[in-house]
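Residues per chain are reported as follows:
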Amino acid sequence: MTTRAGFIALIGEPNAGKSTLLNRMVGAKVSIVTHKVQTTRARIRGVAMEGDSQLVFVDTPGLFQPRRRLDRAMVAAAWGGAADADVVVLLIEANRGITEGVERILEGLDGLGQGRKVALAINKIDRVEAPVLLGLSKEINERFPFAETFMISAERGHGVDALRSWLAGELPESPWLYPEDQIADLPMRMIAAEMTREKLILRLHQELPYQLTVETENWEERKDGTARIDQLIYVIRDGHKGIVLGHKGETIKSVSKAAREELEEFLGRKVHLFLQVKVRPNWLDEAERYTEMGLEFKDGNA
């Protein structure tokens, strides 16, 4: 049997649907893993099996115009992930078309070097009429020599199987990089922190987009088979602390409940989750916070 395995980077603007597509590909809430030999600077987010091929998806933060150190580190991680991948998939939104952000990504793709296959996935196809879709596909393919173009709806699953099957055939011949049933060897502390951070962002929406981070401070395995997890939520000002706590602590309670339920489902056992909010005005400039997030602090230098 000839097996194939390799790294795939999904790139695109924030909200282009990368996480939704990844969850579809992997077939579960994203399994978060790290590569044994840290060959890639970005985090590994999920592993999918397709026939005899193992598809390892590289996490690339959304590409946008960076303004702060954290923004720059995230953008550097995204391009680093793309540069280390065997195949790159650019995801764009059908209803938004070629935005300024997409223009910048196309320029960046020119600089990625030859010999790497780049596919185009036009997402959210259910939001536009067919002629608009075909026009967009033609225009963007004239701008960059994409190896293949896929029309998909990551949310509904349309076109995703065709993309996965094409990716499986494009990966290099190689032994599998992970055991077939592996879900996570990334430190569980980081997975737990990501889950809480996701719940905070869902609850707070645009109020505190990148200005908070979560760290798992303590993880205690108890004799009764449960786990006690203590997490710190760092914000940069007092006002933000109030937003995270909410009126009479309602916001933090609901975030804690949602994160705990997801953790229990993920771990398959009972979890006691304790959240604390701390104001740390300079966390965006502290190297160790970046390490916690799997980013390179030095990449944030202008």
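Coordinates for the structure precede this section.
Bear in mind the structure is a predicted one, so any value in this text is a computation, not a measurement.

> Which parts of the structure should I look at to understand the pattern of salt bridges?
Oppositely charged side chains can pair when the atoms bearing their charge come close. Scanning the model with the defined rule gives 16 salt bridges in all. In this structure, Arg96 engages Glu13 in a salt bridge whose closest nitrogen and oxygen atoms are separated by 3.7 Å. Taken together, the positions of Arg96 in the loop between strand S4 (87–93) and helix H3 (100–110) and Glu13 in the loop between strand S1 (4–12) and helix H1 (18–26) put the pair 83 residues apart, joining distant regions of the chain. Exposure remark for Arg96: the relative accessible area of 43% places this residue in the partly exposed category. Note on Glu13: relative accessible area 13%, which makes it buried. Notably, a salt bridge pairs Glu93 with Lys124, separated by 2.7 Å at the nearest N-O pair.

> How do you make sense of the packing of aromatic side chains when you look at a structure like this?
For any pair of aromatic rings, the description consists of the separation of the ring centres together with the inter-plane angle of the planes. Tallied over the full model, the rule gives 2 aromatic pairs. Centre to centre, the rings of Phe144 and Phe146 are 4.9 Å apart; their planes meet at 55°, and the pair counts as tilted. Pair check on accessibility: Phe144 and Phe146 agree, each one buried. Consider the rings of Phe150 and Trp166, whose centres lie 5.6 Å apart with planes at 55°: the pair is tilted. Of this pair, Phe150 sits in strand S6 (residues 148–151) while Trp166 sits in helix H5 (residues 160–170); the two residues are 16 residues apart in sequence, bridging distant segments of the chain. A relative accessible area of 14% means that Trp166 is categorised as buried.

> When you look at the packing of H1 against H5 in this model, what are you seeing that I'm missing?
Between two packed helices, what matters for the description is the angle formed by their axes and the separation of those axes. Packing of H1 against H5 leaves a shortest axis separation of 10 Å and a crossing angle of 70°. Here H1 lies roughly perpendicular to H5, going by the angle between them. Residues Leu21, Arg24 and Met25 of H1 lie in contact with H5, whose contacting residues are Val160, Leu163, Arg164 and Leu167. Across the contact of H1 with H5, the residue classes break down as 5 nonpolar, no polar and 2 charged.

> Please clarify how helix H4 (residues 130–143) should be interpreted in this entry.
Three- or four-residue spacings in an α-helix give side chains the same orientation, since the helix completes a turn every 3.6 residues. If you check H4, its first and last C-alpha atoms are 20 Å apart, about what 14 residues at 1.5 Å a residue would give, namely 20 Å. Of all the positions in H4, only Leu133, Leu136, Ser137 and Ile140 are classed as buried. Each buried residue of H4 lies within a common arc of 100° when the element is viewed along its axis, so the set occupies one face. Of the residues in H4, the exposed ones pointing more than 90 degrees away from the buried face are Pro131, Leu134, Lys138 and Glu142. In this structure, the buried residues of H4 make contact with S4, H3, strand S5 (117–123) and S6.

> Would you mind showing me how to read unusual backbone geometry here?
The phi angle at Lys124 is positive, at roughly 60°, despite the residue not being glycine. Structurally, the position occupied by Lys124 is in the loop between S5 and H4. The buried category is assigned to Lys124, whose relative accessible area is 15%.

> Help me out: how do you make sense of empty space enclosed by the protein in this one?
Picture a little ball the size of a water molecule; that probe, rolled over the atoms, points out where space is still empty. Evaluation of the coordinates by the stated rule reveals 2 cavities of 30 Å³ or more. The wall of the second largest cavity is formed by Gly12, Glu13, Ala16, Leu91, Ile92, Glu93, Arg96, Gly97, Thr99, Val102 and Ile105. Only S4 and H3 provide two or more residues apiece to the lining of the second largest cavity. Per element, the largest residue contribution to the lining of the second largest cavity is 3 residues, and it comes from S4. Class assignment for the residues of the lining of the second largest cavity results in 5 nonpolar, 3 polar and 3 charged.

Cut-offs and rules
Residues numbered from 1 in each chain as written. Predicted model: local features only at pLDDT ≥ 70, side-chain atom pairs only at ≥ 80, totals over all residues. Heavy atoms only, no water. Salt bridge = Lys/Arg side-chain N within 4 Å of Asp/Glu carboxyl O. Helix = DSSP H or I, 4+ residues; strand = E, 2+ residues; numbered from the N terminus. Buried < 20%, exposed > 50% of the residue type's maximum accessible area, 1.4 Å probe, protein only. Phe/Tyr/Trp six-rings, centres within 6.5 Å; stacked < 30°, edge-to-face > 60°. Axes fitted to C-alpha atoms, helices over the stretch in contact; angles between N-to-C directions. Parallel < 35°, antiparallel > 145°, perpendicular 65-115°, else oblique. Contact = heavy atoms within 4.5 Å. Nonpolar A, V, L, I, M, F, W, Y, C, P; charged D, E, K, R; others polar. Expected span 1.5 Å × (residues − 1). Arc of directions from axis to C-beta. 1 Å grid on protein atoms, 1.4 Å probe; cavity = no way out; pocket = protein on both sides within 12 Å on 5 of 7 lines; lining within 4 Å. Points joined across faces, edges and corners; volume = space filled by probe spheres on them.

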